[in-house]
Amino acid sequence: IIMIQVKNSANGAEITISGDIIDDQEGSIVEWWYGSKDGFEWPANIKKQLDEIDDNQPLTIYINSDGGSVNAGVAIANMIARHNGPTTAVVDGWACSIATQIFFAADTCKIPSNAYLMIHKPACALRGDANELGKAIDMLNTIQSGLESTYVKAAKEGVTPEQIHDMVENETWLTGEDAAKYFNVNVDEATQTAAKFGESFK
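What counts and how
- Residues numbered from 1 in each chain as written.
- Predicted model: local features only at pLDDT ≥ 70, side-chain atom pairs only at ≥ 80, totals over all residues.
- Heavy atoms only, no water.
- Salt bridge = Lys/Arg side-chain N within 4 Å of Asp/Glu carboxyl O.
- Buried < 20%, exposed > 50% of the residue type's maximum accessible area, 1.4 Å probe, protein only.
- Helix = DSSP H or I, 4+ residues; strand = E, 2+ residues; numbered from the N terminus.
- Axes fitted to C-alpha atoms, helices over the stretch in contact; angles between N-to-C directions.
- Parallel < 35°, antiparallel > 145°, perpendicular 65-115°, else oblique.
- Left-handed = near helix turned anticlockwise from the far one by under 90°.
- Contact = heavy atoms within 4.5 Å.
- Nonpolar A, V, L, I, M, F, W, Y, C, P; charged D, E, K, R; others polar.
- Pairing = 2+ DSSP bridges.
- Right-handed = clockwise from strand over helix to strand, strands pointing away.
- Polar contact = N/O pair within 3.5 Å; in protein donor to acceptor, adjacent residues only side chain to side chain.

Draft legend 1. Here's a closer look at the pattern of salt bridges. For the coordinates displayed, the defined rule picks out 3 salt bridges. A salt bridge links K47 to D51; the shortest N-O distance between them is 3.0 Å. In this structure K47 comes out as partly exposed when scored by relative accessible area, which is 43%. A salt bridge links K181 to D178; the shortest N-O distance between them is 3.6 Å. Here the residue K181 and the residue D178 both occupy positions in helix α7 (residues 176–182), the gap between them amounting to 3 residues, near one helical turn. Residue K181 is classed as exposed on the basis of its relative accessible area, which comes to 57%.

Draft legend 2. A look at the packing of helix α2 (residues 43–50) against helix α3 (residues 70–82). Across the interface, α2 lies against α3 with an axial gap of 9 Å and an inter-helix angle of 15°. By the angle between their axes, α2 is roughly parallel relative to α3. Note on packing geometry: the crossing formed by α2 with α3 is right-handed. The segment α2 lies against α3, with P43, I46, K47 and L50 engaging A72, A75, I76 and M79. Considering only residue class, the contact of α2 with α3 consists of 7 nonpolar, no polar and 1 charged.

Draft legend 3. Region of the structure containing the pairing of strand β5 (residues 87–96). Burial of β5 is extensive: 8 of the 10 residues sit out of reach of the surface. As defined by bridge partners, strand β4 (residues 59–68) adjoins β5 across 6 bridges and the pair is classed as parallel. Along β5, the bridge assignment pairs Y62 with V90. Between β4 and its parallel partner β5, the chain crosses via α3, and the hand of that crossover is right-handed. Examined bridge by bridge, β5 and strand β7 (residues 116–119) share 3 bridges and lie parallel to one another.

Draft legend 4. Looking closely at the packing of helix α5 (residues 130–154) against helix α6 (residues 161–169). Contact geometry for α5 and α6: axes closest at 10 Å, N-to-C directions at 125°. Put simply, α5 runs oblique to α6. The way α5 lies across α6 gives a crossing that is right-handed. Contacts from Q144, E148, Y151 and V152 of α5 reach α6 at P161, I164, H165, V168 and E169.

Draft legend 5. Geometry of the side chain of Q144. Residue position: Q144 is located in helix α5. A polar side-chain atom of Q144 sits 2.8 Å from a polar atom in the side chain of E148. If we skip the residues at most four places from it in the chain, Q144 touches K121, P122, H165, V168 and E169.

Draft legend 6. Main features of the side chain of T87. By the secondary structure assignment, T87 is in strand β5. According to the relative accessible area criterion, T87 is buried, its value standing at 2%. There is a polar contact of 2.9 Å between the side chain of T87 and the backbone nitrogen of D107. If we skip the residues at most four places from it in the chain, T87 touches L59, I61, I80, A105, A106, D107 and T108.

As structure tokens, this is what we get:
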């Protein structure tokens, strides 16, 4: 079951973010149409969960997401960054695309050696004339610059903005061990898993 769940304890709170990251409007439709939010996550739902948490207590965010909407993912990342207490993000399976922005929003970032990060160029679907398409290119370049600034901030000393840019340009997949070569992350011991692709691989 894919869902978000908040757990409070004396040692802090835990949130699980799993599934596709979508906009608030889409989230409302999903919840109304399906009567469930399983498989999707959106900013308003995250905020609702965070409002139930003591803002000063430690917060751990577990992530297993293919990514999704840029503005929704950035909004969630900013919510995590605003949490007063110490925050720790942990990749359970993989954090892809905009989900990496949520991952790097935490104070401490942890990833098992056999989990994955994926960063790439932002994309959009549209139709229009040459002027409108040109504006879309400018928009995507601006968004990419913003995304890369997060990765540069999370990068290890010696990793250059040019290296980060090349990784984004070429859609880069990183294991936990690979990620530790470029970013300030803590690599946890891998768990034993069986190799099988789910529907998300499509």
